[in-house]
Amino acid sequence: MADQFEISAFTATLCKVNKENNIHIIDNGRWVIPVYQRNYSWREEQLSRFMRDLKSGFEGDNMQPVPMFIGTMQFSEDKGGYREVIDGQQRLTTFLLLIDYLNDFKNDGKKLQTDWLDTEVNRGIASINLNEALASDYQTLTHLENSNSYAKARRIIEDIISEWQLKLAGDTFLQLDKFQEYICNQIYFVCIETKASLSKTLQIFESINATGMDLNAGDLFKVNFYEYLSVMKGEDKSVFDKISEIYAQIEMANKNSKNGHVTDINDILNMYRYILISKYNLPNSLYFVGTGLFYERLFSNLLNNVKSEGFGVLRHDIDLSISDLNAILKYRISWHGSMGSTAEEDCAYYFISWSRYQRYWISIIILQFVYGDNVSPIVQNQFMIRLSKILWLYSVSYAKSINECHSFIRNLYKEMFSGSSLQQVLARLDEKISLFQTDPEKSNRLTQKLSQPITDNHTHKNLICRLAAMLDEDYKSKEKIEIKDQVKKLFNTPIDIEHIQSFHDFEASKRQEVWNEWGEEINCLGNLVVLDSTTNREIGNSPFLVKLNSYEISKYKSVRLLNSEKKEWTKTNALIRKEKEIVKIKNYIFNDN
């Protein structure tokens, strides 16, 4: 049964006025910013525009105030003396800070209440900061503002009004008591009151919200996960702090990283999506659903008993937990800052990233999630290299990504969760690799792709030539300096795939002759080599004997080996070299484990 909900709409002002179908905010119960909301965040730009609009309405036509509409706000139903603010936190909080300041200018001494708004955000710290800002004088506000966004906003409001008054003189001073009265009685909201579950309330918010908070997949997951843990697991409000801590850990990991951006919540949720699909044997169609839509459907199923594509039956067997997310995050952060046990292992990650199946780099995180401490450095090394070989084989052998490879990896994940041992997982990888040697169709396809021209296919060209270059290096090295050096020059240095015999010969008059003689071989593996971009541009289309001067000092061993040719570079040389390169690559793929 779909989640039921009710929506009511009405106009509202801050203070009570004699209007039908109208309620007021102040002195009408408490208004609470719920725990899952973001912090108050208005800065000087938003505050200045807000105050300018209020002043414009107050001065109106010929200094006659005109009523002003300030947009919609969304609230929960009355929860027994209080309502939760779903949309409108920034405006309501700013009104509270402004009214508190204007209370000092009441001629009749009747100050308006300032205890009608509270916040549960940030483990109660926001509430402390708000009350501190309301109780402070200007000097204290300036001391607090670096760590208290409410204090800073209150100080900015005072500065704006003081600046107004300085620009006016005598009788033209803004009458601040009248200004407060205008704000309370002639500023109108359209209020949307929702009686629904939290997840449905947020869906309604997204549908009607045109300004304010833009909820991304990470925001929505936080709120829905909080409702799930509260409703389905019986957790109290403190669980939201535990969820928020995950987000804080991500922010801290990025801040402290010496190796660039580590991760973000969408990255973590995407990994969790793959884990949930695999662990609970959900339909494979969900692998093709975006992260945000996946969790929208999942929570609708779990919380509201809504059936949808991929969740055609109710799945109350699915168990979500904070410990799952913490484990994923731990492995993700650890992986980012780690170095493989060999240069080959670190290069394997980059070959996966360069492949047509780069999304499956997360396989190592899933492996660690399933097997934990049983994944030794040796097992990790074996797994990454085997996985890299499979994705390299499929990327080179086929012109596009194919479902056969996707299905194999996804089924492998499900096998991990169904009880396969680590050795069985490695054996499955070996079986898949061997198919490209034993299956005639696959074997012939691989040989053909390695033998034919590859320069017109960016993926083929880079995967084949970079692997050939790696195999001439000491790729089994365990020395950290050597590992870093190999990864840097093969993947983190701008490189070109150099034609040894230039495609456009140095002598323009001979180019047609060269093309006729070489044919397709000029663009085949035997005539291609990895070379750093700077050197490639320096030597240009020079003759082979001129290029040798740069080749002999190249950082790449595969380039330096060309010096053995010494005198000339012919099509025959290229054909011989191509066969050697193919044998070298196949020996590595099928025999070097």
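The rules behind the values
Numbers given for residues are sequential positions, taken from 1 along each chain in its written order. Residues qualify for local features only when their pLDDT is at least 70, as the model is predicted, and side-chain atom pairs are given and counted only at 80 or more; totals for whole chains, interfaces and linings, by contrast, use all residues. The basis for every side-chain value is the complete set of heavy atoms in the structure, and neither hydrogens nor water enter the calculation. Helix and strand definitions follow DSSP, with helices as H or I runs of at least four residues and strands as E runs of at least two, each counted in order from the N terminus. Here the globule rule reads 2.2 Å times residues to the power 0.38, and the radius of gyration is calculated from C-alpha atoms. Buried means the residue's accessible area, taken with a 1.4 Å probe over protein chains only, is under 20% of the maximum for its type, while exposed means over 50%, and partly exposed covers the values in between. Residue contacts follow a heavy-atom distance rule, with two residues in contact if any of their heavy atoms lie within 4.5 Å. What sets the accessible areas is the Shrake-Rupley method with a 1.4 Å probe; for residues, cover comes only from the shown protein chains. A positive count includes Lys and Arg, and a negative count includes Asp and Glu. His and the chain ends are not counted in either. Where a charge lies is defined by one atom per residue type: Lys uses NZ, Arg uses CZ, Asp uses CG and Glu uses CD. Here a polar contact means two N or O atoms within 3.5 Å. Within protein one must be a hydrogen donor candidate and the other an acceptor candidate, and residues neighboring in sequence count only if both atoms are side-chain atoms. Nonpolar cores are built from buried Ala, Val, Leu, Ile, Met, Phe, Trp, Tyr and Cys residues. Side-chain atoms within 4.5 Å join them into one set. A helix is expected to span 1.5 Å for every residue after the first. Two cysteine sulfurs form a disulfide in these notes if their separation is within 2.5 Å. Salt bridges are identified by distance alone: a Lys or Arg side-chain nitrogen within 4 Å of an Asp or Glu carboxyl oxygen. Two aromatic rings, drawn from Phe, Tyr or Trp (for Trp, its six-membered ring), form a pair once their centres lie within 6.5 Å of each other, and the interplanar angle then sorts them: stacked below 30 degrees, edge-to-face above 60, tilted otherwise.

Draft legend 1. Layout of the overall build of the protein. Looking only at helices and strands, the protein has 25 helices and nine strands in total. Its C-alpha atoms give the protein a radius of gyration of 33 Å, more than 25% over the compact-globule value 25 Å for 593 residues. Dimensions of the protein, computed from the C-alpha atoms along their principal axes, are close to 105 × 60 × 40 Å. Relative to its 593 residues, the protein shows a buried fraction of 53%. Of the contacts formed within the protein by residues at least 6 apart in sequence, a portion of 72% connects residues at least 24 apart. By element, 47% of the accessible surface of the protein is carried by carbon and sulfur atoms, the whole surface being about 27,800 Å². Charged side chains of the protein number 70 positive and 78 negative; the gap between the two group centres comes to 5 Å.

Draft legend 2. Quick look at the side chain of Thr-342. Among the secondary structure elements, Thr-342 is positioned in the loop between α12 (322–336) and α13 (343–354). Side-chain polar atoms of Thr-342 contact the backbone nitrogen of Glu-345, separated by 3.1 Å. Excluding residues within four positions of it along the chain, Thr-342 makes contact with Asn-381, Tyr-475, Lys-476, Ser-477, Lys-478 and Ile-483.

Draft legend 3. Fine view of the nonpolar core. Among the nonpolar cores identified, the biggest contains 125 residues, and Phe-225, Phe-294, Leu-320, Trp-392 and Ile-585 are the most heavily contacted of them. Here this core gets eleven residues from one element, more than from any other, and that element is helix α15 (residues 377–397). Dropping the residues within four chain positions of it, Phe-294 is found in contact with Arg-273, Leu-276, Ile-277, Leu-282, Leu-286, Val-289 and Phe-311. If you look at the next biggest cluster of nonpolar residues, it comprises 54 residues, including Trp-42, Met-51, Phe-58 and Ile-70.

Draft legend 4. Summary view of helix α1 (residues 44–59). Here α1 is 16 residues long and its end C-alpha atoms lie 22 Å apart, about the 22 Å a rise of 1.5 Å per residue gives. When α1 is considered as a whole, its buried residues turn out to be Leu-47, Phe-50, Met-51, Leu-54, Lys-55, Gly-57, Phe-58 and Glu-59. Where α1 is buried, its residues contact β4 (68–76), α2 (89–102), α5 (149–167), α6 (176–186) and β7 (187–195).

Draft legend 5. Focus on the state of the cysteines. A complete count under the given rule lists zero disulfides for this structure. Distance from the sulfur of Cys-465, which forms no disulfide, to the nearest cysteine sulfur (Cys-524) is 11 Å. With relative accessibility at 3%, the residue Cys-465 sits in the buried group. For Cys-524, a relative accessible area of 1% puts it in the buried group.

Draft legend 6. How the structure looks around the pattern of salt bridges. Scanning the model with the defined rule gives 28 salt bridges in all. Glu-498 is the salt-bridge partner of Lys-547, the closest N and O atoms lying 2.9 Å from each other. Placement of the pair is Lys-547 in helix α23 (residues 544–551) and Glu-498 in strand β8 (residues 495–499), with a sequence separation of 49 residues. A relative accessible area of 0% means that Lys-547 is categorised as buried. Given a relative accessible area of 2%, Glu-498 falls into the buried group. Residues Glu-581 and Lys-584 are paired through a salt bridge, measuring 3.0 Å at the closest nitrogen-oxygen approach. Residue Glu-581 and its partner Lys-584 are both found in helix α25 (residues 571–591); the two are separated by three residues, about one turn of the helix.

Draft legend 7. Layout of the packing of aromatic side chains. One pass over the full model with this rule turns up 35 aromatic pairs. Relative to Tyr-287, the ring of Tyr-274 has its centre 5.3 Å away and its plane inclined at 40°; by these criteria the two rings are tilted. Remark: Tyr-287 occurs in the loop between α10 (265–279) and α11 (291–304) and Tyr-274 occurs in helix α10; sequence separation between them is 13 residues. By relative accessible area, Tyr-274 is classed as buried at 3%. Judged by centre distance (5.5 Å) and plane angle (35°), the rings of Phe-503 and Trp-515 are tilted. Taken together, the residues span a long stretch of sequence, with Phe-503 in the loop between β8 and α21 (511–518) and Trp-515 in helix α21 at a distance of twelve residues.

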